[in-house]
Amino acid sequence: MPTLDPKMYSQPAECALKIINGAGTGSVYPLFIGSSLTIGKAKSCDVFLEVLTDKVSHKHARLTAAGDSYLLENLSQSHPLIVNNHPIDKDHLLAGERFQIHDITFLLEPPEFEFPRQQKGKKAGEKKSSGKKLTLRWLLSIALLLSLFWLFFLVLGEGEDEEAGTSQGASQIGERPLKGKEGESHREKPEESGDVKIRPEGWGKENTDPEKSREANGYFRQGKFFYENGNLKSAILHWRKATALVPQHEQAQTWLERTEDELDKVIERHYQDGLKALKYMRTEDAIREFEIVEKLALDKEDQRAIGARQRLQDLRKERE
């Protein structure tokens, strides 16, 4: 579970930047709405990299929330910033994507629903610590929040026990999920009713790991959020995480297959529009369409993505 800043309780975060390889592995830095993170080995950076190598600049990169994506910029004059094995000066990333500085790998991921009590080391987006101890009032506030969380889960657990003990003559919703219009298994639309225990058909009979179930359900809900807001690529990335944790998660699998097909059609449409614009010498329109193809492609080796990259290089050279 990522360790997020206590400020998350009162201020919404756009995403969490996590170091998954290299110096500082496991550290998580929340990126708050309307803010940015500077990354480097200078102690004034929001993400302070404690490394001795000269291949990391003092201020190497900056990450900024930009709508439904995140703007990544290379601030270094002498060292690269790597995205998908290619050096970049500036690029827009989506949740679930990665980038590298030297041998350090970073992952963009949405903030989790559960927050730990503290984060070791420096937190991104906050000023250097003044060294003052937490006041009694702040400690009481944290204790109150934890008590509310505990009470919520206690009440939720009692509600499940009551549901399991309903009579046989009543509706068997608790035993067999209903089928929705689009083939997804659900219990009276749990996403809308607030029931966070989304259980695919058969789940719970063979797998007894509740932690994986909760985590997979969290990724499933996040995928639905991105899908409903038109971000198909992020939705697919989250449903892939859900099915990796729980392969028999029927809802995630159903939505994943349908959305992958939908995204493929979107990519094909933009690619054909780009070719048409190129044919009629509408250079700016062609560049725009090919940039969309390159951005949406999940597989960078997709022939359409490769074709879009090649044509973009030619068109940009002609424009220069």
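Look above for the structure.
An account of the accompanying structure is given in this report. Note that this is a predicted model, so its numbers are computed, not measured.

Reading guide: rules and limits
Residues numbered from 1 in each chain as written. Predicted model: local features only at pLDDT ≥ 70, side-chain atom pairs only at ≥ 80, totals over all residues. Heavy atoms only, no water. Salt bridge = Lys/Arg side-chain N within 4 Å of Asp/Glu carboxyl O. Helix = DSSP H or I, 4+ residues; strand = E, 2+ residues; numbered from the N terminus. Core = buried A, V, L, I, M, F, W, Y, C linked by side-chain atoms within 4.5 Å. Buried < 20%, exposed > 50% of the residue type's maximum accessible area, 1.4 Å probe, protein only. Contact = heavy atoms within 4.5 Å. Pairing = 2+ DSSP bridges. Phe/Tyr/Trp six-rings, centres within 6.5 Å; stacked < 30°, edge-to-face > 60°. Lys NZ or Arg CZ within 6 Å of the ring centre and 35° of its normal. Expected span 1.5 Å × (residues − 1). Polar contact = N/O pair within 3.5 Å; in protein donor to acceptor, adjacent residues only side chain to side chain.

### Details of the pattern of salt bridges
Phase 1 of the analysis: Scanning the entire structure with this criterion turns up 12 salt bridges.
Phase 2 of the analysis: A salt bridge links Glu268 to Arg304, with the nearest nitrogen and oxygen atoms 3.1 Å apart. Taken together, the residues Glu268 in helix H5 (residues 250-279) and Arg304 in helix H7 (residues 303-319) connect sequence positions 36 residues apart.
Phase 3 of the analysis: For Asp302, the salt bridge is made with Arg304, and the minimal N-O distance between the two is 3.0 Å.
Phase 4 of the analysis: Counted as one network, the salt bridges with shared partners bring together Asp264, Glu268, Asp302 and Arg304.

### Description of the nonpolar core
Phase 1 of the analysis: Tyr227, Trp239, Leu263 and Phe290 are the most contacted members of the largest nonpolar core, which totals 28 residues.
Phase 2 of the analysis: No other element matches H5, which puts eight residues into this core.
Phase 3 of the analysis: Setting aside residues no more than four positions away along its own chain, Leu263 makes contact with Leu232, Lys233, Ile236, Leu296 and Leu298.
Phase 4 of the analysis: Core analysis: the next-biggest nonpolar cluster, separate from the first, contains 24 residues, Ile19, Tyr29, Leu37 and Phe106 among them.

### Focus: the sheet that holds strand S3 (residues 36-40)
Phase 1 of the analysis: On the basis of which strands lie adjacent, the open sheet formed by five strands has the order S4-S3-S5-S6-S9 and mixed pairing. Edge positions in the sheet fall to strand S4 (47-48) and strand S9 (90-93), since each of these pairs with one other strand and no more.
Phase 2 of the analysis: In this structure, S3 lies alongside S4, joined through two bridges in parallel fashion. Within S4, the residue paired with Gly40 across the bridge is Phe48.

### Section: the packing of aromatic side chains
Phase 1 of the analysis: Here the structure, examined in full by the defined rule, presents seven aromatic pairs.
Phase 2 of the analysis: With a centroid separation of 5.7 Å and an interplanar angle of 70 degrees, the aromatic rings of Phe225 and Phe226 are classed as edge-to-face.
Phase 3 of the analysis: One aromatic cluster is present, formed by Phe220, Tyr227, Trp239 and Trp255 through successive ring pairs.
Phase 4 of the analysis: The ring of Trp255 has Arg258 lying over it, and the distance from NZ or CZ to the ring centre is 4.1 Å.

### Digging into helix H3 (residues 210-228)
Phase 1 of the analysis: Helix length check: H3, at 19 residues, gives a terminal C-alpha distance of 27 Å against a target of 27 Å (1.5 Å per residue), a fit within 8%.
Phase 2 of the analysis: The N-cap of H3, judged by a side-chain oxygen 3.1 Å from the amide nitrogen of Glu211 a few residues on, is Asp209.
Phase 3 of the analysis: Gly230, located one to two residues past H3, shows a positive phi value of around 85 degrees.

Function cannot be read off these values alone, since they describe shape.
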